[in-house]
Amino acid sequence: MNISRNFFLFLSENKLLNHAAKKWGLRLGASKVVAGTTIESAMKTIAGLNEAGLACTVDRLGEFVTDKQEALEAGQYCINTLHAIHEWKVDCHLSLKLTQLGLDIDKNLCMNNMRSIVQTANQYDIYVNIDMEDYSRYQTTLDILFALRKEFDNVGTVIQSYLYRANEDIDHLQGVPLRLVKGAYKESADVAMQEKADIDKNFLHLIKKHLSHGSYTAIATHDHEIIEQVKAFVHENQIAYHSFEFQMLYGFRHDLQQQLANEGYRVCSYVPFGNDWYGYFMRRLAERPQNIKLAVKSMLSN
Ligand code: FDA
């Protein structure tokens, strides 16, 4: 792991800066990768992406909430977002983070919040994806997912290929729609692979495994080499196009997203919005040094 990645991951967890950034509005170039701060601005962006043939998942940014009232408000905001998806008739599902909904305060509070959200989504036939956060919340996230899936089938989660246990966990998640990713957090070598080559290899292995199980698979990556290998695998194994999708973040590799959609693949763009953009944006800077140049350029032009 290089120094700049460590530095930006460290910044992403800084609570003071996170708090301050909520008052700044979208800065440092964040407006290029965050679809505004309101539900309306997000819906307009999503409608435009749908018109271009891209499906979407929308995330009202927020994480690491420690205040009960804030967690309840975040839950209500998710429900309002579901109403908006329904009213705007957009091709879009919901992504969320459990620490925004009270996971760090009280597991039951979080579970009740989630139940209301998934139930509302179910009435509208909208799928809800639980984003996976850092390893300290991993098992609780899976526990909540399994509890919700006893009542609803419109909910799934994310598995990170850097985790050693991902390979075993995916066997228990057969039939559950999953987003597969490499993993965005700084994890210790006790639980996660540290070498990019190992993570990439496991990522491809997990993708092939979940697809071969016949389970819906969202392949979330900007890595064109992985995407090419997935394309070859689905063709060789005659895997139906409706059983998987490629996912990329809004504002990243738009040409590649469009190209895949034009080739007939289902492509889903992850559209974040809201004023709690800081942690999300810092993780994007950590992932790719080129994104830092974008931020510096934007700072200088302000
Ligand atoms: P990676 O950063 O490994 O890059 C591989 C190669 O791809 C690069 O060397 C370059 O050639 C090319 N490339 C990458 N980005 C490019 C760009 N912008 N332009 C041009 N070329 C580029 N993580 C997590 O822990 N929990 C989660 O819930 C999620 N959710 C999620 C949703 C979606 C839709 C995505 C796309 C990602 C996530 N992630 C995530 C983040 C994920 O774990 C990972 O950190 C990032 O996607 C970065 O890894 P990549 O696979 O995209 O490529």
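Report follows, based on the coordinates. Predicted, not measured: the structure shown is a model, and the values here were computed from it.

Things to note about the overall build of the protein
No. 1: The helix and strand inventory of the protein stands at 12 helices and 8 strands.
No. 2: Of the roughly 13800 Å² of accessible surface on the protein, 51% is carried by carbon and sulfur atoms.

As for the pairing of strand E8 (residues 267–273)
No. 1: Most of E8 is tucked away, with 7 of its 7 residues classed as buried.
No. 2: Pairing between strand E1 (residues 55–60) and E8: 6 bridges, direction parallel. The partner of Arg-60 across the bridge, within E8, is Phe-273.
No. 3: In the sheet, strand E7 (residues 244–249) pairs with E8 via 4 bridges, with the strands oriented parallel. Considered in E8, the bridge of Phe-246 is made with Val-267.

Things to note about the sheet that holds E8
Pairing between the strands of a sheet comes from backbone hydrogen bonds, and it takes one of two forms, parallel or antiparallel.
No. 1: Strand order in the closed barrel formed by 8 strands is E1-E2-E3-E4-E5-E6-E7-E8, and the pairing between neighbours is parallel. Neighbour-to-neighbour, the strand axes of the sheet open up by a mean angle of 30°, direction not taken into account.
No. 2: In the sheet, strand E6 (residues 217–220) pairs with E7 via 4 bridges, with the strands oriented parallel. Across the sheet, the residue bridging to Ile-219 is Phe-246, located in E7.
No. 3: Contacts from helix H6 (residues 138–149) reach strand E3 (128–130) and strand E4 (155–160), with the element oriented near 155° to E4.
No. 4: Of the strands in this sheet, E6 and E7 are in contact with helix H9 (residues 224–236), which crosses E7 at around 170°.

A closer look at the pattern of salt bridges
No. 1: In this structure the tally under the stated criterion is 18 salt bridges.
No. 2: In this structure, Asp-200 and Lys-182 form a salt bridge, with 3.0 Å as the shortest nitrogen-oxygen distance. Here Asp-200 is found in helix H8 (residues 196–212), whereas its partner Lys-182 is found in the loop between strand E5 (178–181) and H8, with 18 residues between them in sequence.
No. 3: One salt bridge in this structure joins Arg-266 and Glu-245, with 3.0 Å as the shortest N-O distance. Of the two residues, Arg-266 sits in the loop between helix H10 (254–262) and E8 while Glu-245 sits in strand E7, which places them 21 residues apart along the sequence.
No. 4: The exposure class of Arg-266 is partly exposed, given its relative accessible area of 34%.
No. 5: A relative accessible area of 3% means that Glu-245 is categorised as buried.
No. 6: Among the ionic contacts, a cluster of salt bridges with common partners joins Asp-59, Lys-97, Asp-131 and Arg-179.

Observations concerning the site of the ligand
No. 1: Near the ligand you find 24 residues, and of these Lys-182, Gly-183, Thr-221, His-222 and Glu-287 are the closest.
No. 2: Met-132 is positioned such that a nitrogen or oxygen atom in its backbone is 2.9 Å from a nitrogen atom of the ligand.
No. 3: Within the backbone of Gly-183, a nitrogen or oxygen atom sits 2.7 Å from an oxygen atom of the ligand.
No. 4: Considered on its own, the ligand offers 960 Å² of accessible surface; in the complex 83% of this is hidden by protein.

Digging into the packing of H8 against H9
No. 1: Where H8 contacts H9, the axes come no closer than 11 Å and their chain directions differ by 30°. For the element pair H8 / H9, the angle class is roughly parallel. The two elements H8 and H9 cross, and the hand of that crossing is right-handed. Facing H8, whose interface residues are Asp-200, Phe-203, Leu-204, Ile-207, Lys-208, Leu-211 and Ser-212, H9 presents Ile-226, Gln-229, Val-230, Phe-233 and Val-234.
No. 2: Of the residues that constitute the contact of H8 with H9, the class distribution is 8 nonpolar, 2 polar and 2 charged.

Regarding H8
Along an α-helix, residues three or four apart share an orientation, since each turn contains 3.6 residues.
No. 1: Along its 17 residues, H8 runs 24 Å from first to last C-alpha, staying within 8% of the 24 Å computed at 1.5 Å per residue.
No. 2: Buried within H8 are the following residues: Ile-199, Asp-200, Asn-202, Phe-203, Leu-204, Leu-206, Ile-207, Lys-209, His-210 and Leu-211.
No. 3: Elements in contact with the buried residues of H8: E4, helix H7 (166–171), E5, E6, H9 and E7.
No. 4: Downstream of H8 by one or two residues, Gly-214 has phi in the positive range, about 80°.

Comments concerning the environment of Tyr-138
No. 1: Mapping Tyr-138 onto the fold places it in helix H6.
No. 2: Note: C-alpha distance between Tyr-138 and Gln-160 (22 residues apart in sequence) is 10.0 Å.
No. 3: Sequence-distant contacts of Tyr-138, defined by excluding residues within four places in its chain, comprise Met-132, Ile-159, Gln-160, Leu-163, Arg-165 and Asp-169.

Details of the nonpolar core
No. 1: In this structure, Leu-96, Met-114 and Leu-148 are the most contacted members of the largest nonpolar core, which totals 80 residues.
No. 2: Each residue touching Met-114, except ones within four places of it in the same chain, is listed here: Leu-96, Leu-98, Leu-101, Val-128, Ile-130, Ile-144 and Leu-148.
No. 3: Counting residues in each nonpolar core, the second largest holds 13 residues, with Leu-61, Leu-249, Phe-252 and Phe-281 among its members.

Scoring rules and cut-offs
Residues numbered from 1 in each chain as written. Predicted model: local features only at pLDDT ≥ 70, side-chain atom pairs only at ≥ 80, totals over all residues. Heavy atoms only, no water. Helix = DSSP H or I, 4+ residues; strand = E, 2+ residues; numbered from the N terminus. Areas by Shrake-Rupley, 256 points an atom, 1.4 Å probe, with all protein chains shown as cover. Buried < 20%, exposed > 50% of the residue type's maximum accessible area, 1.4 Å probe, protein only. Pairing = 2+ DSSP bridges. Axes fitted to C-alpha atoms, helices over the stretch in contact; angles between N-to-C directions. Contact = heavy atoms within 4.5 Å. Salt bridge = Lys/Arg side-chain N within 4 Å of Asp/Glu carboxyl O. Near = heavy atom within 4 Å. Polar contact = N/O pair within 3.5 Å; in protein donor to acceptor, adjacent residues only side chain to side chain. Parallel < 35°, antiparallel > 145°, perpendicular 65-115°, else oblique. Left-handed = near helix turned anticlockwise from the far one by under 90°. Nonpolar A, V, L, I, M, F, W, Y, C, P; charged D, E, K, R; others polar. Expected span 1.5 Å × (residues − 1). Core = buried A, V, L, I, M, F, W, Y, C linked by side-chain atoms within 4.5 Å.

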